[in-house]
Amino acid sequence: MEERLAALEARLQRVEDELAITRLVASYGPLVDAGSADEVAGIWAEDGEYDVEGWHMRSRADVHAMVLSDGHQHLIAGGCAHFLGPAHVTLDGDDAVAVCESLLVRHREGAFNVRRAGANHFRLRRLTEGWRVVHRTTRALDGSAEARELLAGAR
Amino acid sequence: MEERLAALEARLQRVEDELAITRLVASYGPLVDAGSADEVAGIWAEDGEYDVEGWHMRSRADVHAMVLSDGHQHLIAGGCAHFLGPAHVTLDGDDAVAVCESLLVRHREGAFNVRRAGANHFRLRRLTEGWRVVHRTTRALDGSAEARELLAGAR
Amino acid sequence: MEERLAALEARLQRVEDELAITRLVASYGPLVDAGSADEVAGIWAEDGEYDVEGWHMRSRADVHAMVLSDGHQHLIAGGCAHFLGPAHVTLDGDDAVAVCESLLVRHREGAFNVRRAGANHFRLRRLTEGWRVVHRTTRALDGSAEARELLAGAR
């Protein structure tokens, strides 16, 4: 009985971990398009990194500043969707990897256009406050080998 | 032992609730693009509402009529995808909120185009027949503050 | 006590099955865009089929050959995203159905465009090595009744 209970607890923990990570990744697009700087920054660990084509953020504060930047504020004032697909999660104890593709759709003068398709690779860690992103890399799917290697993490 | 069992049951219930809601939201796009009026209407509670830019449906019957409307039938006869992203679910007992972004992609004369990016906010309730939508609000992501506020619910 | 444990085990198994299938489907887009032929082929059963508009693959080897084909290699060398939405899963013991919509986004000369919206219907089976696809059908959402019928499986 004790053994079966312990096995159930371990299996349920893995399920909860996977769901917590898919929820965290699913919150990024809506929150960044809402302009919710505190909440977006809170997806990362205090010293978490976000490396996105020529912009390498190295802390929660850097991510917070990105959301409040003129560039991002201009984007959301005009209308945009950072549309992330369902994350593929691989658990490894207190570490995890999540991989998904993304589209950036932008509104301008009454029309919507896909401005970029991207490859996203997240490394996450279980902290006392829950799962947080320690490193995210995003690259445009423009045929580069680097972008394709990020996607290969979904195995 | 009893305590551990009860704790497991409560945790598993939350997991099942979250999955039931993500499944319900994930069924909307396929079913509405299939033109399955009964099944789309069945996503809502009997008196559930769907408020989408100038069209405020106030019952399952209203949602059913929307699927059968000339406007929607014309859309699916030409080809379209109401493409919803992964829902971010927040549970609160027998109530829940789900937030996701969406794209409307339309086929015309051999070409596919993004016609709209949208913000979606669902309020759901656990009824005897399962989780159902009691209120959905959808707004175009055209820079309006209203659309951004809907997305901010994904925290 | 024994009864409650057994009930928990059965419920948890269903949750794990649903998550395993959503993970499997979520891996297709990233892996096919990465060009990971072995891993993409491994999503299917040995004699699994993939029927996609005029191309009917009838084995893991056929799927492997598709990933390595000139057509697909040209596509990923230029940049593309096979962007699948969240899968709606229906379990039936050791069989399951998953339905989702998809977008094919292609990069060319610095611009990204939606080239196709598709309807996807997967039949899966639990094998000794885990859940695998036994039959996938994909059709363009160009208004055809066949594509709409595939989506109607998300009920």
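That block above? That's the structure.
As the structure is a computational prediction, the values presented were derived from the model and not from experiment.

**Looking at the overall build of chain A**
If you tally the helices and strands in chain A, you get five helices and seven strands. N-terminal to C-terminal, the α/β element order of chain A is α-α-β-β-α-α-β-β-β-β-β-α. Buried residues in chain A amount to 57% of all 155 residues. Taking as baseline every contact in chain A between residues at least 6 positions apart, the subset at least 24 positions apart corresponds to 49%.

**Things to note about the interface of chain A and chain B**
With 37 residues of chain A in contact, the opposing surface of chain B contributes 33 residues. Three residues, Arg23, Phe83 and Phe112 of chain A, lead the burial of chain A against chain B; their summed loss comes to 24% of the area buried on that side. A salt bridge links Glu18 of chain B to Arg23 of chain A, with the shortest nitrogen-to-oxygen separation between them at 3.8 Å. Where chain A meets chain B, there are eight residue pairs in polar contact (both at pLDDT 80 or more). Counting residues per element, the ones that place at least two in the side of chain A that touches chain B are helix H1 (2-34), helix H4 (70-78), strand S3 (80-84), strand S5 (95-108) and strand S6 (111-127) of chain A. By residue number, the principal contributor to the side of chain A that touches chain B is H1 of chain A, which donates 18 residues. Of the residues assigned to the side of chain A that touches chain B, the class counts are 22 nonpolar, nine polar and six charged.

**Things to note about the relation of the copies chain C and chain A**
Between chain C and chain A, which share one sequence, the superposing operator has a rotation angle of 120° and an axial displacement of 0.0 Å; the RMSD is 0.0 Å. Expressed as an axis order, the relation between the two copies is that of a three-fold axis.

**Quick look at the interface of chain C and chain A**
It is common to give the size of an interface as the accessible area lost on bringing the parts into contact. Tallying the contact residues gives 37 residues for chain C and 33 residues for chain A. Interface area, chain C with chain A, both sides summed: about 2900 Å², of which 66% is carbon and sulfur. Looking at the side of chain C facing chain A, the largest losses of area belong to Arg23, Phe83 and Phe112 of chain C, adding up to 24% of the total buried there. Counting every contact that joins chain C to chain A gives five salt bridges.

**A look at the environment of Ala45 of chain B**
Residue and element names in this part refer to chain B. Here Ala45 shows up in strand S1 (residues 44-52). Residue classification places Ala45 among the buried residues on the basis of a relative accessible area of 4%. Measuring from C-alpha to C-alpha, the distance between Ala45 and Ala77 comes to 28 Å, with 32 residues separating the pair along the chain. If we skip the residues at most four places from it in the chain, Ala45 touches Arg60, Leu127, Arg132, Val133 and Val134.

Reading the values: rules and limits
- Residues numbered from 1 in each chain as written.
- Chains lettered and ligands numbered in written order.
- Predicted model: local features only at pLDDT ≥ 70, side-chain atom pairs only at ≥ 80, totals over all residues.
- Heavy atoms only, no water.
- Helix = DSSP H or I, 4+ residues; strand = E, 2+ residues; numbered from the N terminus.
- Buried < 20%, exposed > 50% of the residue type's maximum accessible area, 1.4 Å probe, protein only.
- Contact = heavy atoms within 4.5 Å.
- Buried area = accessible area lost by both parts, 1.4 Å probe.
- Salt bridge = Lys/Arg side-chain N within 4 Å of Asp/Glu carboxyl O.
- Polar contact = N/O pair within 3.5 Å; in protein donor to acceptor, adjacent residues only side chain to side chain.
- Nonpolar A, V, L, I, M, F, W, Y, C, P; charged D, E, K, R; others polar.
- Least-squares fit on C-alpha atoms with pLDDT ≥ 70 in both.

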